[in-house]
Amino acid sequence: MSVDVIGLGEPLLEFNQDPAKAEPTYRLGHGGDTSNAMIAVARQGARAGYVTALGADAFGDAFMALWASEGVDASTVRRDRTAHTGIYFVSHGPKGHEFTYMRAGSAASRLAPEDLPLEAIAAAKYLHVSGISQAISALACDSAFVAMQHAKANGVKVSYDTNLRLKLWPLERARAIIHAAVGLCDVLLPSFEDAEALTRIQEPDGIVDFYLGLGVPLVALKLGPEGALVATPERRERVAGLRVETVDATGAGDTFDGAFLARLSAGDDPFAAARYANVAAALSTQGYGAVAPIPRREQVLARLAELERS
């Protein structure tokens, strides 16, 4: 395997509630933050790969079929006959979308450091990991650190999305582990909500200053509908949000991550990459589910062209 971006984490089969139905009705889909991001990478025309473990079950088969159809290299994915593929449910209410998980003991949570495809990681341009990749189990946390350290030792850039999920671990543990991981990062992709909880800082510029102070050379702070704040030690730029008719924001941050990394791997500067990723993320909110609405490169380019003409 030789790819532009390789992701590490846990895929989850998705049951997404349709709020238009009177009775609870769920649409079947696919989720898992780093898997979503790799599909976004592939849909932007970059080469994507994925590292995880799946159960030897129908849900695992569904993911293998999905990645094959999307052009994500899954040749390093392990199949575990003693564990299941995780699932989650998305419901929609006055406070937005809420998640319910059935992932304890999943195959991905049992992926050990000795199971990692180190050669494939060393052959990529970027390794993408998230806080969820570390929160699902102590073993998965160890594996994520080993993967990041191996990437750094082999000149592979490490991308990290904090993706804080307090249902998975307490804030103090999350803060300690995530900030230790940040020290290994070349690209940090937090949301504002995550970063505010992790840093106790309420201003975007202050958050960016904090992470740059930890030694991260590139921070893209995702601000939801307000866009993103992108910063290096030498320069920072606010990327304005794109107003769209939002249907479901599930996976929008993952789409930003994948699109951003795809454009960085293609040679864009981080500010151009963020403008592209911001449009991709906005477009991804116009449909239901984490994967189906992720736009392809031609859709993003068309909207960028419209914005340039307006």
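Here, the structure is the one placed above.
Residues numbered from 1 in each chain as written. Predicted model: local features only at pLDDT ≥ 70, side-chain atom pairs only at ≥ 80, totals over all residues. Heavy atoms only, no water.

### Digging into the overall build of the protein chain
No. 1: Broken down by element type, the protein chain carries eleven helices and 15 strands.
No. 2: By the compact-globule yardstick of 19 Å for 310 residues, the protein chain fits well, its C-alpha radius of gyration being 18 Å.
No. 3: Judged by the C-alpha coordinates and their principal axes, the protein chain covers about 55 × 50 × 35 Å.
No. 4: Across the 310 residues of the protein chain, 57% fall into the buried class.
No. 5: Taking the contacts inside the protein chain whose residues are at least 6 apart along the sequence as the reference set, 70% of them involve residues at least 24 apart.
No. 6: Accessible area of the protein chain: about 12,600 Å², with a carbon and sulfur share of 51%.
No. 7: Computed over 29 positive and 37 negative side-chain charges, the inter-centroid distance for the protein chain is 1 Å. (Helix = DSSP H or I, 4+ residues; strand = E, 2+ residues; numbered from the N terminus. Rg over C-alpha atoms; globule rule 2.2 N^0.38 Å. Buried < 20%, exposed > 50% of the residue type's maximum accessible area, 1.4 Å probe, protein only. Contact = heavy atoms within 4.5 Å. Areas by Shrake-Rupley, 256 points an atom, 1.4 Å probe, with all protein chains shown as cover. Lys, Arg positive; Asp, Glu negative; His and termini not counted. Charge placed at Lys NZ, Arg CZ, Asp CG, Glu CD.)

### Thoughts on the packing of aromatic side chains
No. 1: One pass over the full model with this rule turns up seven aromatic pairs.
No. 2: Ring centres of Y50 and W67 lie 5.2 Å apart, and the angle between their planes is 50°; this geometry places the pair in the tilted category. A residue pair is termed long-range when its members are at least 10 positions apart, and Y50 in strand β4 (residues 48-51) and W67 in helix α2 (residues 58-70) qualify at 17 residues.
No. 3: For Y50, a relative accessible area of 0% puts it in the buried group.
No. 4: W67 sits in the buried class, given a relative accessible area of 1%.
No. 5: Relative to Y101, the ring of Y88 has its centre 5.9 Å away and its plane inclined at 25°; by these criteria the two rings are stacked. Separated by 13 residues along the polypeptide, Y88 in strand β8 (residues 86-93) and Y101 in strand β9 (residues 96-102) bring together distant segments of the chain. (Phe/Tyr/Trp six-rings, centres within 6.5 Å; stacked < 30°, edge-to-face > 60°.)

### A word on the environment of F256
No. 1: Among the structural elements, F256 can be located in helix α9 (residues 252-265).
No. 2: Note on F256: relative accessible area 3%, which makes it buried.
No. 3: Along the primary structure F256 and A273 are separated by 17 residues, whereas in three dimensions their C-alpha atoms are 9.6 Å apart.
No. 4: Here F256 is in contact with L189, A220, K222, A228, A274, A277, N278 and A281, once residues within four sequence places are set aside.

### Quick word on helix α1 (residues 33-43)
No. 1: Among the eleven residues of α1, eleven are classified as buried, and the element is accordingly described as predominantly covered.
No. 2: G45 occupies a position one or two residues after α1 and carries a positive phi of about 95°.

### Things to note about the side chain of N163
No. 1: Within the secondary structure layout, N163 lies in the loop between β11 (157-161) and α6 (171-182).
No. 2: According to the relative accessible area criterion, N163 is buried, its value standing at 9%.
No. 3: Of the polar contacts made by the side chain of N163, one reaches the side chain of D33; its length is 2.8 Å.
No. 4: The residues touching N163, leaving out its near neighbours within four places in the chain, are D33, S130, G131, I132, D194 and D254. (Polar contact = N/O pair within 3.5 Å; in protein donor to acceptor, adjacent residues only side chain to side chain.)

### Focus on the nonpolar core
No. 1: If you look at the biggest cluster of nonpolar residues, it comprises 48 residues, and the most contacted ones within it are M38, W67, V72, F256, F260 and L264.
No. 2: The element best represented in this core is helix α10 (residues 270-283), accounting for ten residues.
No. 3: Not counting chain neighbours up to four residues away, the residues in contact with L264 comprise Y126, V187, L218, D269, P270 and A273.
No. 4: Counting 47 residues, the second-largest nonpolar core is a separate cluster that includes A147, V158, I207 and Y211. (Core = buried A, V, L, I, M, F, W, Y, C linked by side-chain atoms within 4.5 Å.)

### Digging into the packing of α1 against α9
Pairs of packed helices are described in terms of their axes, by the angle between the two and the distance that separates them.
No. 1: Here α1 crosses α9 at 45°, and the two axes come no closer than 7 Å. The angle between the axes of α1 and α9 places the two elements in the oblique class. For the pair α1 and α9, the crossing hand works out as right-handed. Residues D33, N36, A37, A40 and V41 of α1 touch α9, and the partners they reach there are D254, T255, D257, G258, A259 and A262. (Axes fitted to C-alpha atoms, helices over the stretch in contact; angles between N-to-C directions. Parallel < 35°, antiparallel > 145°, perpendicular 65-115°, else oblique. Left-handed = near helix turned anticlockwise from the far one by under 90°.)

### Description of the packing of α1 against α2
No. 1: Axis separation between α1 and α2 bottoms out at 10 Å; the angle between their running directions is 20°. Our classification of the angle between α1 and α2 gives roughly parallel. Counting all contacts with α1, which are made through S35, I39, A42 and R43, the residues of α2 involved are F63, L66, W67 and E70.
No. 2: A class-by-class count of the residues in the contact of α1 with α2 yields five nonpolar, one polar and two charged. (Nonpolar A, V, L, I, M, F, W, Y, C, P; charged D, E, K, R; others polar.)

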